[in-house]
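Here are the chains, one letter per residue:
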Amino acid sequence: MKRKTIAILFGGKSSEYEVSLQSAAAIIKNFPQEKYDLYLIGITRAGQWFHYDGEIEKISNDTWNQELLNPVTVCLEPERQAVMEIVDNKIIYQQIDAVLPVLHGKNGEDGTVQGLMELAKIPVLGCGLLASALCMDKYRAHQLVKAAGIKVTRSVLVHNINDFNVKALNFPLFVKPLKAGSSYGISKVVKMEELTKALEYAFNYDNEVIVEEAVEGFEVGCAIIGNDELTVGEVDEIELSGGFFDYDEKYTLKTSTIHMPARIDEVTARKIQETAKIIYQTLACQNFARVDMFLTPNNEIVFNEVNTIPGFTDHSRFPQMMKGVGFEFSELIDKIVAIGLKYADGNFK
């Protein structure tokens, strides 16, 4: 049987470019290359696509694009199911069986790449267009999850910095870009005088901003893989000593600790896992995603957000939660690819 070729996308025109490089390098190192052929596509900060076949370390240290690389673009002739690589001014068609986008944030995790691949009839190993777009839009994701009977944070959507009303909300508040990831552009606001500055900061990252009431308690996360049959990882917990889990804190853990498993009883953990599965299915997630929630002092679960392409370094939350239920990193990647290909064979026509 012909080996399947999996394309991995990394980098990207996003504020989370560096995170993507680290996640992609870890995935490539642990990829079951005895089963599949890899075709690596690096995307520069400017949005240029190149075929990369060099050392993995050059992805990690962001020197991958210093070499002379061949440009690549997606072939929009669906019957080819391919990308086009420009080699010596000639087009070479590279057939692709599936693509794994390791692209965090805008222009990768938001449905744009997923839609492009759908036009080219190239299956995506991960959430599709609908789930990716929905989960990136925090406000609209909250409305759907609320309709499913799960509590969400109280919030307002702000379209214009000169026209907003948060009188219905109680301080402290979190001001967030609507469709940014990795906690970029987020501020915690404790009084009205700080709000305008926080909104200006958030609008640097998006054209819409969500303002949410802070939830008393702590954040818990739940890793999920699968489609019809779901496998749920151990629940983890973020312990903060101050402030909030912003971008710097996520990747340095200077003042916070991630407990895996979470310091909660078994009944509460199961309730969080079941709630996470409902959210995952409500938002049409596929293959894998991480569902983030809050647990209040009264053991009430409040939805926060879904990361459809969560961090994938060796120490990232998603692989650590799945390790808690028996998946080593390489086994996890193998499982995700197998689930995605099986789903694509059965559903991608």
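Our subject is the structure listed above.
Report follows, based on the coordinates. Source: prediction; values computed, not measured.

1. Examining the packing of aromatic side chains
Here is step 1: Enumeration over the complete set of coordinates arrives at 9 aromatic pairs.
Here is step 2: Aromatic side chains Phe10 and Tyr52 sit 6.3 Å apart centroid to centroid with 80° between the ring planes, which places their arrangement in the edge-to-face category. Taken together, the residues span a long stretch of sequence, with Phe10 in strand β1 (residues 5–11) and Tyr52 in strand β3 (residues 49–52) at a distance of 42 residues. When sorted by exposure, Phe10 lands in the same class as Tyr52, which is buried.
Here is step 3: Judged by centre distance (5.8 Å) and plane angle (90°), the rings of Tyr201 and Tyr205 are edge-to-face.
Here is step 4: Tyr201 gets classed as partly exposed once you look at its relative accessible area, which sits at 35%.
Here is step 5: We classify Tyr205 as partly exposed; its relative accessible area is 25%.
Here is step 6: Of the aromatic side chains, those joined through ring pairs into one cluster are Phe288, Phe312, Phe318 and Phe329.
Here is step 7: Looking at Arg80, its charged tip hangs above the ring of Tyr93, at a distance of 3.7 Å from the centre.

2. Looking at the packing of helix α4 (residues 129–136) against helix α5 (residues 138–147)
Here is step 1: Running from N to C, α4 and α5 cross one another at 105°; their axes reach a closest spacing of 5 Å. By the criterion of interaxial angle, the relationship of α4 to α5 is roughly perpendicular. In contact with Leu134, Cys135 and Met136 of α4, α5 contributes Lys138, Ala141 and Leu144.
Here is step 2: Tallied by class, the residues present in the contact of α4 with α5 amount to 5 nonpolar, no polar and 1 charged.

3. Things to note about α5
Here is step 1: Where α5 is concerned, the buried positions are Lys138, Ala141, His142 and Val145. Taken around the axis of α5, the buried residues stretch over an arc of 105°, which confines them to a single face.
Here is step 2: At its buried positions, α5 is contacted by α4, β9 (173–177), β11 (209–213), α8 (266–282) and β16 (301–307).
Here is step 3: At the exit of α5 stands Gly149, carrying a positive phi of roughly 95°.

Reading the values: rules and limits
Residues numbered from 1 in each chain as written. Predicted model: local features only at pLDDT ≥ 70, side-chain atom pairs only at ≥ 80, totals over all residues. Heavy atoms only, no water. Phe/Tyr/Trp six-rings, centres within 6.5 Å; stacked < 30°, edge-to-face > 60°. Helix = DSSP H or I, 4+ residues; strand = E, 2+ residues; numbered from the N terminus. Buried < 20%, exposed > 50% of the residue type's maximum accessible area, 1.4 Å probe, protein only. Lys NZ or Arg CZ within 6 Å of the ring centre and 35° of its normal. Axes fitted to C-alpha atoms, helices over the stretch in contact; angles between N-to-C directions. Parallel < 35°, antiparallel > 145°, perpendicular 65-115°, else oblique. Contact = heavy atoms within 4.5 Å. Nonpolar A, V, L, I, M, F, W, Y, C, P; charged D, E, K, R; others polar. Arc of directions from axis to C-beta.

So far we have only geometry, and geometry alone does not tell us how the molecule works.
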